[in-house]
Structures are given as structure tokens and as C-alpha cells.
Amino acid sequence: MDIFRHRPLGLLAPALLIAVAGCSSADDSATVAVPRPDAKTAAVCRELHRVLPSKLDGRSRNDPEPRSAYTAGWGNPAIILRCGVVRPPKMIDPKVAEGGDPDAIAGGVNGVDWLMEKQGDGTWRFTTANRTAYVQISLPKGMSAQEDGTGILTDLAPAVKKAIPEGIASMK
């Protein structure tokens, strides 16, 4: 019996399994930077996380990595929520308030004020205004602010109103 004749196939199977495992992905979650809010903001963000909807504009909850009470996600590719972010510079830009910035618009949906910003890569970002914490929603590529944004902001409005009081957010 020639034991060396069967050894190449015996070594091929484990090598093939390692190669397949290395090429596959067990987790399709997005990865996001987790905000680091101050203690007061952290408390309202944790409350928001507790009351967020399980579905957003028909998309199921799919939280990003690393898991945090300050982030949430829905769908794949994910719509990402981050709570406790810093104030966006355009929030205090007079051109935005006057309607003179084509890439930033202020408005409200169901009692929650938002700043809508077109990003350099063509994606859209919404940030709450006139609340004690800044909550930011980022749409993935291919989603339109006009077509998709209204449903998303409408679905989020009850949770934001319940968890994030009206007021001035910290300047952090």
C-alpha cells in the first residue's frame, strides 16, 4: 500500500476549506464610527436607542458594528443612525438659512426639524435641529433624499420626539 498516493488529496481538503472561509463573509453589517457624547447627551441617546422602530421605511433593523447604544441601522446596504454627533458646520451657515446653499436644506417632518445635506460622494445625510442631541441619519449610495428621505424621517419622528427633548444641543 502506498500511503503517499492519498496524501495530496488529504491536504487539499483543509486548504480548500480555509480558502473558502477566508473569502466568505459571515456578517453583512456596516461599520460606523461610534459617537462619544457627553453624559447628558448619552442619556437621551440611550433612550432613543430603546424606542427606535424595528422597521424603517419597510427595511428591517440591521445594526452596524461595533454595536452601540449610539448607533442603529436598517436594511442592507444600511441606513445608519448615529446619536450624539457634533453639530454640522452647515447648521449655523447663513447661506443654508437663506436657502442659498444647493447642497443643504433646512426643513421639518412631523414635528422634527432636520438639516438635509448632500455629501461629496452623492449620498445624503440628515441631522436633527432644535433638539438636545444631534441625531444623524446617513442614506447609502443610490438612495434619494427626495424619494426615500421623507418615509425614513416620518418613521423616525415619533421616536425622536419621545426620546430627544426640544432644546439646544451641546456644542461638543
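Data block above holds the structure.
Residues numbered from 1 in each chain as written. Predicted model: local features only at pLDDT ≥ 70, side-chain atom pairs only at ≥ 80, totals over all residues. Heavy atoms only, no water.

## Quick look at the overall build of the protein chain
Under the convention used in this document: Strands are runs of DSSP state E lasting at least two residues, helices are runs of H or I lasting at least four, and both sets are numbered from the N terminus onward. Each residue is assigned to one of three classes by its accessible area relative to the maximum for its type, calculated with a 1.4 Å probe on protein chains only: buried under 20%, partly exposed between the two thresholds, exposed over 50%. Here, two residues are considered to be in contact whenever any of their heavy atoms come within 4.5 Å of each other. Throughout, the Shrake-Rupley method with a 1.4 Å probe supplies accessible areas, and for residues the shown protein chains are the sole cover considered.
Along its length, the protein chain carries four helices and eight strands. Traced from its N-terminal end to its C-terminal end, the protein chain shows the element sequence α-α-β-β-β-β-α-β-β-β-β-α. For the protein chain, buried positions account for 41% of its 172 residues. Within the protein chain, counting contacts between residues at least 6 apart in sequence, those at least 24 apart form 56% of the total. In the structure as shown, the protein chain presents an accessible area of about 9,800 Å², 57% of it carried by carbon and sulfur atoms.

## Quick look at unusual backbone geometry
Along the chain, Glu65 connects to Pro66 via a cis peptide bond; the corresponding omega equals -10°. As for its position among the elements, Pro66 is in the loop between strand E2 (59–60) and strand E3 (71–74). Residue Pro77 is reached from Asn76 by a cis peptide bond, and omega for that bond is 5°. Its place among the elements puts Pro77 in the loop between E3 and strand E4 (79–83). Positive phi, normally seen in glycine, also occurs at Asn110, with a value near 50°. Mapped onto the elements, Asn110 comes out in the loop between strand E5 (104–109) and strand E6 (112–118).

## Thoughts on the side chain of Asp63
Where we set the bar: Think of a polar contact as two N or O atoms within 3.5 Å of one another; within protein, one of them needs to be a possible hydrogen donor and the other a possible acceptor, and neighboring residues in sequence only count if both atoms come from side chains.
Relative to the helices and strands, Asp63 resides in the loop between E2 and E3. Exposure remark for Asp63: the relative accessible area of 17% places this residue in the buried category. A polar contact of 3.1 Å, which involves the side chain of Asp63, links it to the backbone nitrogen of Gly73.

## Concerning the pairing of strand E8 (residues 135–138)
Applied cut-off: Two strands qualify as a pair provided DSSP detects at least 2 bridges between them.
For E4 and E8, the ladder comprises four bridges, and the chain directions are antiparallel. The partner of Arg82 across the bridge, within E8, is Gln136. Direction of pairing for strand E7 (residues 124–129) relative to E8: antiparallel, over a ladder of three bridges. Looking at E8, one finds that Thr127 is bridged to Gln136. Where E7 folds back on E8, the antiparallel hairpin that results is connected by five residues, among which Asn130 adopts a positive phi of roughly 60°.

## Quick look at the nonpolar core
What counts is decided by this rule: In these notes, a set of buried Ala, Val, Leu, Ile, Met, Phe, Trp, Tyr and Cys residues joined through side-chain atoms within 4.5 Å is what counts as a nonpolar core.
If you look at the biggest cluster of nonpolar residues, it comprises 33 residues, and the most contacted ones within it are Leu48, Leu81, Ile137 and Ile164. The dominant element in this core, judged by the number of residues it contributes, is helix H4 (residues 145–163), at eight residues.

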